[in-house]
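# Reading the structure
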Amino acid sequence: MTDMTAHEARSEKLEGAAARKARVMGVILILLSLLVLFVLNVAPGERATFNLTTRRDAIQIPPLVVPGAFNMIAAALLAFLGVRQFLRGGGRWTALSLGAGLLILVLAFLVWATAGKSFNLTGMLQATVVRAIPIALGGLAGVLSERVAVVNIAIEGMLLAGAFTGALIGSLLGGWMGLVAAVAVGGLFGLLLALLVVRFRMDQIIAGVVINLFVLGVTSYVSSQVFSQYRSLNNAPVFRSWEIPILSDIPVIGPTLFDQNIFVYGAFILVAVATYYLFHTKNGLRARAVGEHPRAADTLGIDVYRTRYIHVTLAGMVAGFGGAFFTLGSVGRFEENMTNGRGYIGLAAMIFGRWHPVGALSAALVFGFADSLQQKLALLNTPIPSEFLAMAPYIATIIVVAGLVGRARPPAANGKAYVKE
Amino acid sequence: MSETRKDVNERLQGLLARASHGRDDFEDLVIVPLFAVVAALIFGALVMLATAVDIGTIGRSFVALAYGAFGSLNAISETLTASIPLVLAGLGLGLGFRAGLFNIGAEGQVIMGGIAAVIVGFSLTGLPWIIHLPLVLLAGVLVGAAYAAIAGVLKATTGAHEVISTIMLNLISYELLNWLLRQPWIQRPGRSDPISKSVPDTAQLPRLLTQIDPNLRLHAGIVVMLLAVALIYWLLFKSKLGFAFRTSGENPSAANYAGMKAGLIIVLAMGVAGGLAGLAGATQITGVLGRASPGFSAGIGFDAIAVALLGRSHPVGILFAGILFGALEAGGRQMQVSAGVSIDLIGIIQALIIVFIAAPLLVRAIFPWGFRRKKGGAA
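None of the values given here were measured: they were computed from a predicted structure. (Residues numbered from 1 in each chain as written. Chains lettered and ligands numbered in written order. Predicted model: local features only at pLDDT ≥ 70, side-chain atom pairs only at ≥ 80, totals over all residues. Heavy atoms only, no water.)

### Considerations on the overall build of chain A
Spelled out, the test is: Runs of E in the DSSP output that reach at least two residues are strands. Runs of H or I that reach at least four are helices, and both are numbered from the N terminus. Restricting the calculation to C-alpha atoms gives the radius of gyration, and the globule rule supplies 2.2 Å times the number of residues raised to the power 0.38. Only protein chains enter the accessibility calculation, which uses a 1.4 Å probe; a residue is then buried when its area is under 20% of its type maximum, exposed when over 50%, and partly exposed in between.
Each helix and strand counted, chain A has 15 helices and 5 strands in total. Over its C-alpha atoms chain A spans a radius of gyration of 24 Å, differing by no more than 12% from the 22 Å that the globule rule assigns to 421 residues. The principal-axis extents of the C-alpha atoms in chain A amount to approximately 75 × 60 × 40 Å. Here chain A holds 421 residues, and 53% of them are scored as buried.

Next comes the structure, spelled out in structure tokens:
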């Protein structure tokens, strides 16, 4: 009997928490609705023109013209979703409503910013993908190493090392060799991280911070000590975009996905391969077991140390590839600290994406979208300071990490050293 | 019978080891850091060799490094000036480590504390310095503490990992700083680049050695720094709150069973850490820079992580570690000027010092003759 009541009390408490969360979401959605109604208001007669094709494109489609009334509808939809949360909120709908609400908000924002003007939507989507790539590859590197329970703060350093090596070796031996060397050096830093945390049992976060400091120091030192004198060492060829025939002629999607350089295709392929590997192969299952319960994995005959070495090295290689993007994939020249915190955003993308390769890629696309939006908004002269837009994804990350949008769960043994008995 | 005597002897030895500093402590506190610094300097020389710097220049650069750090009154003044914000922020980070919190956010807290000091500094005018200066420093402390407390509250209430939230708060603070510096009420009149108004003289930390030489930059922040070291020592080791911090860092479940409120401790520890980082920003503004510009924090918050690790999260250790890092910075500038070796080398040396400190096993593996062999375990 007492058991029963305790159980009931607990489930009531849980329900209470869920209901409260649903109500909080409702309030947020209604606030967003008010935001759209009063701040992002557009005169119903005004039109926002979104260009979807440029004159060079083979297939022409007319621009998308959205009347200002769209924002009224958006506000109404947001209000509906918000009120719905109060009436029958909770469960799956809470997260779903918030996702839909944010999407509506972004669309309303675009209409408001573009009202009376025209805006190249396809160009922005293309820039979104390009900007998302290093973040996605950083996130994927995080997934690979954290799935075997090694926290990887060193992504930033690995990206920077890849960028540096790509520029140096690319200048000496050509782009392809630069790419191979960048991947190799990234892998070396992965191996170093594994060595420090597995063999020398250094705190994983400290090891990561140290690798970041070290790579920043070495690359900055060489670029100011050597590159400044011998400019030819820092002048690598750039991988141009490869148009995929037929597919690249599709309006909007073509230029966004099928007219990019090898880094973009590489990132999509790597995400697909990593997903298949982690969740559909025997070795992937073993790797995840090491991340969840190394003792159990060890008992079953899986070599925990070896698994960690291999996956953290692979993670380094992925990050090295992503780092090469900064030099070989865009400007061909290395500059001090050119990754500028992208590795940390990759780490956030990994958490945002719940330690799943596809999730990390999607989160990276969100970050890339905010980034390119911020760039393009300067052209549209909106009153919102670009700094606040730049902040938006970081704030979103904090909200996600804080578990407002469904708690993300890291691999159970994440961050813990394993001592074989 | 002999068994019991052996037992008693072992217990006595254990007691003795606890009562006095044994050789193990000595190895940990002195030999490991010493070897770490030596190994890092050797490796720095190798890096220079690898980038085609000749032996003579390497020798000269190390001489310049030492001279620029301690070779003259001006060098010592520069070393101490550079160490003030590092020690202050490092104290906060060390306190966080003791409480089991890995706060990467000192950089953002330095920025927020610094900008708060600037705003309070130029907004209040006509106050005597004895009121104005403490107010400005207090603003830095409070804003830094509040900014860090965000991460603390998130961790305490939702379990959000402080590493991620503080990294994000750092990134947010850069954007916030860039935006604030463009606001007409902060931006210096007549300037189009992002730079703040200057802090008036009544809010500046006085320079201490201008009677000897007007170029000496050492300022009263060093007094603030020493007071903070003493205060944090007292807080950590002599107060009830410090005991709670250390207990929840070393054994969270024990702290929980002892009735300590884990959430409150996290928020307080983050708050104190952020307050110290904010104070670091405020002293940098009021003692050295006089105004804020983009990147005025200059990586202090990240270097302070290294300082806290090197100082073993002990206030006195952090004081020495901060002075060492200040010396590396001041000496590195001299090295760049007189030997032509880039100051970025210092970054490499600093990173290596932390590797060797954070992985004592590694130092023991490199210098096996420096340590007593441990029974059974790895040498």
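### Regarding the interface of chain A and chain B
Note the cut-off: Any pair of residues with heavy atoms lying within 4.5 Å of one another is described as a contacting pair. By buried area we mean how much accessible surface two parts lose on assembly, using a 1.4 Å probe and totalling the loss over both. Salt bridge, as used here, is a side-chain nitrogen of Lys or Arg placed within 4 Å of a carboxyl oxygen of Asp or Glu. Two N or O atoms form a polar contact when they lie within 3.5 Å of each other; inside protein one atom must be a possible hydrogen donor and the other a possible acceptor, and for residues adjacent in sequence the pair counts only when both atoms belong to side chains. Under the convention adopted here, Pro, Cys and the residues Ala, Val, Leu, Ile, Met, Phe, Trp and Tyr are nonpolar, Asp, Glu, Lys and Arg are charged, and Gly plus all remaining residues are polar.
Between chain A and chain B, the residue contacts involve 37 residues of the former and 41 residues of the latter. Between chain A and chain B lies a buried interface of about 3400 Å² when both sides are counted; carbon and sulfur atoms form 81% of it. There are 1 salt bridge connecting chain A and chain B. In this assembly, chain A and chain B are joined by 6 residue pairs in polar contact (both at pLDDT 80 or more). A total of 14 residues in the side of chain A that touches chain B trace back to one element, the largest contributor, which is helix α7 (residues 204-227) of chain A. Among the residues forming the side of chain A that touches chain B, the class breakdown is 28 nonpolar, 5 polar and 4 charged.

### Description of helix α12 (residues 300-310) of chain B
A large share of α12 of chain B lies buried, amounting to 10 of its 11 residues. Residues of α12 of chain B that are buried include every one of Ile-300, Gly-301, Asp-303, Ala-304, Ile-305, Ala-306, Val-307, Ala-308, Leu-309 and Leu-310 of chain B, and no others. The secondary structure elements touched by the buried residues of α12 of chain B are α7 of chain A together with α4 (73-98), α5 (106-123), α11 (262-289), α13 (315-339) and α14 (344-358) of chain B. Arg-312 of chain B lies just past α12 of chain B and shows a positive phi near 55 degrees.

### Thoughts on the pattern of salt bridges
All names here are of chain B. One pass over the structure, following the stated rule, counts 8 salt bridges over all chains. Put simply, Arg-333 and Glu-329 hold a salt bridge, and the shortest N to O gap is 3.3 Å. Of the two residues, Arg-333 and Glu-329 both sit in helix α13, 4 residues apart, roughly one turn of that helix. Ionic contacts of the salt-bridge type, sharing partners, join the residues Glu-78, Arg-217, Glu-329 and Arg-333 into one network.

### Notes on the packing of aromatic side chains
Residue and element names in this part refer to chain A. Keep this limit in mind: Any two rings among Phe, Tyr and Trp, with Trp reduced to its six-membered ring, count as a pair given centres within 6.5 Å; such a pair is stacked if its planes are under 30 degrees apart, edge-to-face if over 60, and tilted if neither. Charge-over-ring placement is defined geometrically: NZ (Lys) or CZ (Arg) within 6 Å of the ring centre, and within 35 degrees of the ring normal.
Inspection of the entire model under this criterion finds 14 aromatic pairs over all chains. Geometrically, the ring pair formed by Phe-164 and Phe-227 is stacked, given 5.5 Å between the ring centres and 20 degrees between the ring planes. Here Phe-164 is found in helix α5 (residues 155-173), whereas its partner Phe-227 is found in helix α7, with 63 residues between them in sequence. Owing to a relative accessible area of 11%, Phe-164 belongs among the buried residues under this scheme. By way of ring pairs, the aromatic residues Trp-176, Phe-239, Phe-263, Phe-321, Phe-325 and Phe-326 are connected into one cluster. Residue placement shows Arg-199 over the ring face of Phe-200; its charged tip is 5.0 Å from the ring centre.

### Observations concerning the nonpolar core
Formally: By convention a nonpolar core is built from buried Ala, Val, Leu, Ile, Met, Phe, Trp, Tyr and Cys residues, the set being connected through side-chain atoms within 4.5 Å.
Counting 210 residues, the largest nonpolar core has Leu-193, Tyr-221 and Phe-263 of chain A together with Phe-102 and Leu-345 of chain B as the members making the most contacts within it. The greatest single-element share of this core, amounting to 13 residues, is contributed by α7 of chain A. Grouped together as the second largest cluster of nonpolar side chains are 29 residues, Leu-52, Leu-81, Ala-108 and Met-124 of chain A included.

### Side note on the side chain of Thr-283 of chain B
Secondary-structure assignment places Thr-283 of chain B in helix α11. Setting aside anything within four residues of it in sequence, one finds Thr-283 of chain B in contact with Ile-84, Leu-88, Leu-137, Leu-205, His-219, Val-224 and Val-288 of chain B.

### Quick notes on the environment of Arg-188 of chain B
Residue and element names in this part refer to chain B. Structurally, Arg-188 is set in the loop between α7 (162-181) and α8 (221-238). A residue is classified by how much of its surface remains accessible, and Arg-188, at 23% relative accessible area, is partly exposed. Sequence separation between Arg-188 and Ser-198 is 10 residues; the distance between their C-alpha atoms is 7.5 Å. Setting aside its immediate chain neighbours within four residues, Arg-188 contacts Ile-195, Ser-196, Lys-197, Ser-198 and Arg-291.

### A closer look at the packing of α12 of chain B against α13 of chain B
Residue and element names in this part refer to chain B. Inclusion rule: To get an axis, fit a line to the C-alpha atoms, keeping to the stretch in contact for a helix; angles then go from 0 to 180 degrees between the N-to-C directions. Should an angle fall under 35 degrees it is called roughly parallel, over 145 degrees roughly antiparallel, and 65 to 115 degrees roughly perpendicular, with every other angle called oblique. In this scheme the handedness of a crossing depends on how the near helix is turned from the far one: anticlockwise by less than a right angle means left-handed, clockwise means right-handed.
It is at 8 Å that the axes of α12 and α13 come closest, and there the two elements cross at 135 degrees. Taken together, the axes of α12 and α13 are oblique relative to one another. You can see that α12 and α13 cross each other, and the crossing is right-handed. Taken together, the residues of α13 that come into contact with α12 (itself represented by Asp-303, Ala-306, Val-307, Ala-308 and Leu-310) are Ile-318, Ala-321, Gly-322, Leu-324 and Phe-325. When grouped by side-chain class, the residues that make up the contact of α12 with α13 number 8 nonpolar, 1 polar and 1 charged.

### Looking at helix α10 (residues 282-292) of chain A
Residues and elements named next belong to chain A. Which entries qualify depends on this criterion: The arc refers to the directions leading from the helix axis to the C-beta atoms.
Within α10, burial applies to Gly-284, Ala-287, Val-290 and Gly-291. In a view along the axis of α10, the buried residues occupy a sector of 115 degrees, so they form one face of it. Exposed residues lying more than 90 degrees from the buried face of α10 are Lys-282 and Leu-285. As for α10, its buried residues are in contact with α9 (262-280), α11 (294-299) and α12 (304-331).

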